[in-house]
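Below are the chains, spelled out letter by letter.
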Amino acid sequence: MRRISFLLALFSLTTFAQAQTMQPTPNAHWKLQWTQPVEEIKSTAYMFLHEKSGAPLLYLANEDDNKVFCIAFRTPPTDSTGIAHIMEHSVLCGSERFPSKEPFVDLLKSSLQTFLNAFTADDRTMYPVASRNDKDFTNLMTVYLDAVFFPNVKKIPEILMQEGWHYVVNEAGNLEYNGIVYSEMKGVYSSPQSVLYRTIQKSMYPDSTYANDSGGNPDNIPDLTQKQFAEFHDKYYHPSNSLIYLYGDGNIDAHLTFLHDEFLSKFERSQETGDRRQETAVIPQPVFTEPKDITAEYSVDEGESTDAKTFLSMNYLLPTDLDNAVRSYGLDMLPYILVNGEAGQLRRALLDAELGLDVEASFDSSILQPCFSIIIHNSDPDKKEKFLEVLETTLKKLVAEGIDRRIIEGAINRTEFMLREFQISGFPKGLAVNMQILETWAYGGDPLGHLRFEPILKSLREGMEKNFFENLIEEYLLNNPSRGFVMLQPKQGLEKEKSDQLAAKLAEVKKSLSPEQLEEIKRQKEALLERQATPDNPEDVAKIPQLELSDVDRAAEDIPFNKIPSTMPIVQVDVDTNKIAYITVLFDLTPWQENPAVLSYFSNVLGRLDTENYSYTDLSNEIDLHTGGISTGLSVSSIYKESEKFNLHLLARVKTTLPKLDKGLKLVHEILTKTKFDNTARLKEILQEYRVGLEQSLMSSGHSFARTRSASYFSRKEKYRDEISGIDHYRFLVNLEKNFDSEGEKFAQTLEAYSKTLFSASNGQILVTLPKEDFESIRPTLKDFESKFLAAPPAGRSEGVSQTTSLTQANEAVIIPSRVQYVVKSANFRDLGFEHTGRLLVLTNILRTGYLWNNIRVQGGAYGGGFSADMNGVFSLWSYRDPHLKRTVDIYKGVADYLENLELSEEDLTKALIATIGSLDKPLTPSEKGGRVMGMLLSGLTQSDLQRERDEVLATTVEDLRKLAPMFRKGMAQNNICVFGNETKIEEDKELFKTTIRPIE
Ligand SMILES: [Zn+2]
């Protein structure tokens, strides 16, 4: 039930020239099964079979220097103990050749990697790495392959205890569970949407592997035994059950030889081990004999209302059709066409029937047998019948009368834009391609089937005229017997009920134990703690292959740009964009900062209301037909080396192909200056969706809200951020919604006034990411756009700067319906006499992969923890999905002592410097390059500042890091704490807080 939009954008025509890549020479161990060009991604595909072990390998040769390697295994689960997920974590905890406790972390500490992680999907597990440095790339492959094939997890039971689950005897002498995946999944199960998705999956696939949670249900994780764990590895982690993938400009022959010599030659595809493919095939769910009707519950806190908190969903199980890529793409677009796009006709019908505050549709093409879902958020149980009726009649009507052609055309254009553009922030392109390939390859389908999008788009355009999309609705939704209605209702205190049950169960367990057995549990925990606390043998760590400082580029990447005087000053970022124009129009609102919450809401509704020339649904169609998207929002930017000042801008972004830029900019102008605010019903509708969305992020990203909030006690900038996007903003939305019927009209007038006065040439500027020659060709279009704005703000627009906001140290505990905590403490290092230097970046790597990793994650059982510092001086320590509260605060106190006594060998320091440079050098997409230039200009950073920062990184000594100890000693003593978390846990540690709030009513 992942969002499909992400996977759709996973491949592109090109950002690099036609490949003249190396051809493989015949290799005795690898049989070349076929080779084919793949025009759409300018690659040549080679499919090999390693004959001795039975491992298949797909090699995509091209000119991309960001090389990707991934080994995946088919791991369909047979229960919900999370065995596949815990294995994914555990194989990276030491192997035969690399016996240190966490080679994965050793790599994070030392590599130039551009990607290093592992994923567990519903029926497969992936281990991807990426690097632009050849030597580094081979190092990463070596460590990962040894990890998956020869892990220590079968020999060392403490690994399952640490990564999965183990018993703890707490201070009161009672048993508890702890473990990293256990906490991670408790966090996942705290989110109502996650519970909904899992309930749908369980209901729709009762007889299939997909009924099980491959991530692990916290209720079932403790059923997992070491024996099952070891058997799971034996069964699934064999080359004949793997799918190996290589991508980029590497040396094919060298890679093939390396894989054979170092790893695959050690395996046999024998009678005895067998070919695992048969055993791991996914058995499809049989067609339902009658529709399902399922109701389940999720927990809300005792005092919380249950009104308008029910989810209603209708789900359709689709037959497998691996070879039909056109069907797959069509179904991928259907959620947008029907519901997720603003103009969706089913969306309108469902919202107009007042069934709930938001609606969504989803289709997951990444599993063998996909499911199509339509979900109503914030509804009530008594709306079920109405929902089913509106759904049925609307779908029938769409089939009978046809879907609005412009909506379909817009959806196809939108998809095409994503395919050609290819941009996924933080994700190497080669990995994105691999995920697309696995959608078919994992089940024995054509690995390239979904990559060849040119003929697919053509078929869809032709099909549109022949009712292709209407037929999809008829066949797979209306006439589909395998359907299920799933309702998820809130229940007060369910969480408490469940934790009482768990406590009772654990009390029973304890009663059943003999004194010797209880001693044994304590002994095991001590053995675990001892292993965790014992530093690795330096010889073991030294086995991890290492780069040297000479492998690192000393010069910071310089992104070329030009400043061009014009009515609105222009910054042209001179990078290749594959004929796509990325334009950001910025309006400086620094003098008009008053009413931050209203400004934020204003920036959010732009583009979603009627304008003088378009209804909002027509506007949405126009945007899809002519652009790759238009977005608006506020940006608060720090000013380099200034503690209190910040800049405020409203940004409007548009991306288009060059011939459509004129149209794109006309739409931007229309949205900014011709929006009509008189439709208060529509304003309220957007407000409700917006509030619901923010509420969902409060639960999933508590650490980021808590970080802003804890810094808002002492920083005006962070206070402002909290007001435009944090907890404070959430409370503003809740209040506005309550009083909207009486105050809506006045509110609409304020928004109207903003649109008439905030945008003029005198406070505007334009950022254009486009190479010089293309830029010249669009210059007249830009001039025309600039001339449409007022020269200066109209008279009467007074400057209303900085009503001096008073800051208070509220030290809040924020109760949310969650089973885990997000614990944050912040301070300002500039106020404590420290400056922003490259040393802080080195420290970020050292704390994240060292002290915090060991104490918060490894020993504390939280999913994560970290340190961050910004240019204004705000720094924070934070934890993510943390079972603890006070313990974590104590860990933060210990940072100063840790740093004061920091001992790092020369090698360890060098590793940290290399890894820090690696984090600065992550490859950027063209639009990200534009974004970086914009960020530098807004905050006053120059290229020489970046170079100095890089020099500071490379010159950092252990003594420099020790000198940062007082920053933490003094900063943590100021005690700016904010914690999001579970009510019971907060109650236990309430002496830490001055205030307790419960934002969700
Ligand atoms: Zn995990």
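I will try to describe carefully the structure that is included in this document. Every chain's residues receive numbers from 1 upward, in the order its sequence appears when written. Side-chain atom pairs in this predicted model are given and counted only at pLDDT of 80 or more, local residue features only at pLDDT of at least 70, and totals for whole chains, interfaces and linings cover all residues. Side-chain metrics rest on all non-hydrogen atoms present in the structure, leaving aside hydrogens and water.

**Observations concerning the packing of helix 29 (residues 838-849) against helix 33 (residues 906-920)**
Rules: Angles run from 0 to 180 degrees between N-to-C directions of axes, and those axes are lines fitted to C-alpha atoms, restricted for helices to the stretch in contact. Going along the chain from the N terminus, every DSSP run of H or I of four or more residues is numbered as a helix, and every run of E of two or more is numbered as a strand. An angle below 35 degrees is treated as roughly parallel, one above 145 as roughly antiparallel, one from 65 to 115 as roughly perpendicular, and anything else as oblique. Any pair of residues with heavy atoms lying within 4.5 Å of one another is described as a contacting pair.
The N-to-C vectors of helix 29 and helix 33 enclose an angle of 105°; their axes lie 9 Å apart at closest approach. Relative to helix 33, helix 29 is oriented roughly perpendicular. Together, Leu841, Val842, Asn845 and Ile846 of helix 29 and Ala912, Leu913, Ala915, Thr916 and Leu920 of helix 33 make up the contact between the two elements.

**Details of the coordination of the zinc ion**
Our working definition: Note on donors: an N, O or S atom is included if it sits within 2.8 Å of the metal, or within 3.2 Å for Na, K and Ca, and water is never included, so sites can look incomplete. Geometry is assigned from donor-metal-donor angles: four donors are tetrahedral when every angle falls between 85 and 135 degrees, four are square planar and six octahedral when opposite donors sit over 155 degrees apart with all other angles between 65 and 115, and any other arrangement is irregular. Exposed residues in this analysis have more than 50% of their type's maximum accessible area, buried residues have under 20%, and partly exposed residues fall in between, with area computed by a 1.4 Å probe over protein chains only.
Taken together, His85 (NE2), His89 (NE2), Glu184 (OE) and Glu184 (OE) make up the full set of protein donors to the zinc ion, lying 2.1 to 2.6 Å away. One can describe the site at the zinc ion as irregular: its four donor atoms subtend angles covering 54 to 154° at the metal. The sequence pattern formed by the donor residues of the zinc ion is H-x3-H-x94-E. Here His85 and its partner His89 are both found in helix 2 (residues 83-90), four residues apart, which amounts to about one turn of the helix. For the pair His85 and His89, one class covers both residues: buried.

**Here we look at helix 37 (residues 965-973)**
The condition that has to hold: In this context, the arc is that of the directions from the helix axis out to the C-beta atoms.
Of all the positions in helix 37, only Ala965, Met967, Phe968, Gly971 and Met972 are classed as buried. Seen end-on, helix 37 carries its buried residues on one side only, within an arc spanning 160°.

**Here we look at the packing of aromatic side chains**
To keep things clear, this is the line we draw: Only centres within 6.5 Å qualify two rings of Phe, Tyr or Trp (six-membered ring in Trp) as a pair; their planes then separate them into stacked at under 30 degrees, edge-to-face at over 60, and tilted for everything else.
One pass over the structure, following the stated rule, counts 41 aromatic pairs. Between Phe104 and Trp853, the ring centres sit 6.5 Å apart and the planes meet at 50°, which makes this aromatic pair tilted. Linking Phe104 in helix 3 (residues 103-110) with Trp853 in helix 30 (residues 851-859), this pair joins segments that are 749 residues apart in sequence. Of the two residues, Phe104 and Trp853, both sit in the buried class. Here Phe867 and Phe968 contribute two aromatic rings whose centre-to-centre distance is 5.4 Å and whose plane-to-plane angle is 50°, an arrangement assigned as tilted. Placement of the pair is Phe867 in strand 24 (residues 864-869) and Phe968 in helix 37, with a sequence separation of 101 residues.

**Description of the side chain of Ser818**
Looking at where Ser818 falls in the secondary structure, it is placed in the loop between strand 22 (812-815) and strand 23 (822-828). Not counting residues within four places of it along the chain, the set of residues in contact with Ser818 comprises Ser190 and Asn982.

**Considerations on empty space enclosed by the protein**
Rule in force here: Here a cavity is any set of points on a 1 Å grid over the protein atoms alone where a 1.4 Å probe fits but cannot get out, and a pocket is any open set with protein on both sides within 12 Å along at least 5 of 7 lines; a residue lines the site when it has an atom within 4 Å of a point. Grid points are joined across faces, edges and corners, and a volume is the space filled by probe spheres set on the points. Three categories are distinguished: nonpolar for Ala, Val, Leu, Ile, Met, Phe, Trp, Tyr, Cys and Pro, charged for Asp, Glu, Lys and Arg, and polar for the others, with Gly belonging to the last.
This model, assessed by the stated rule, comprises six cavities of 30 Å³ or more. In this model, the largest cavity occupies a volume close to 220 Å³. Taken together, 15 residues form the lining of the largest cavity, with Pro192, Tyr298, Phe311, Glu695 and Gln696 sitting closest to its centre. Broken down by secondary-structure element, the contributors of at least two residues to the lining of the largest cavity are helix 7 (192-204), strand 11 (292-300) and helix 23 (680-700). Of the residues forming the lining of the largest cavity, the biggest block, four residues, is contributed by helix 23. Here the second largest cavity is characterised by a volume of approximately 130 Å³. In terms of lining residues, the second largest cavity is bounded by 16 residues, among which Asp321, Arg327, Ser328, Ser365 and Pro370 are the most central. Going through the elements one at a time, helix 10 (325-340) and helix 14 (429-441) are the ones with two or more residues in the lining of the second largest cavity. Class assignment of the residues belonging to the lining of the second largest cavity gives a composition of seven nonpolar, six polar and three charged.

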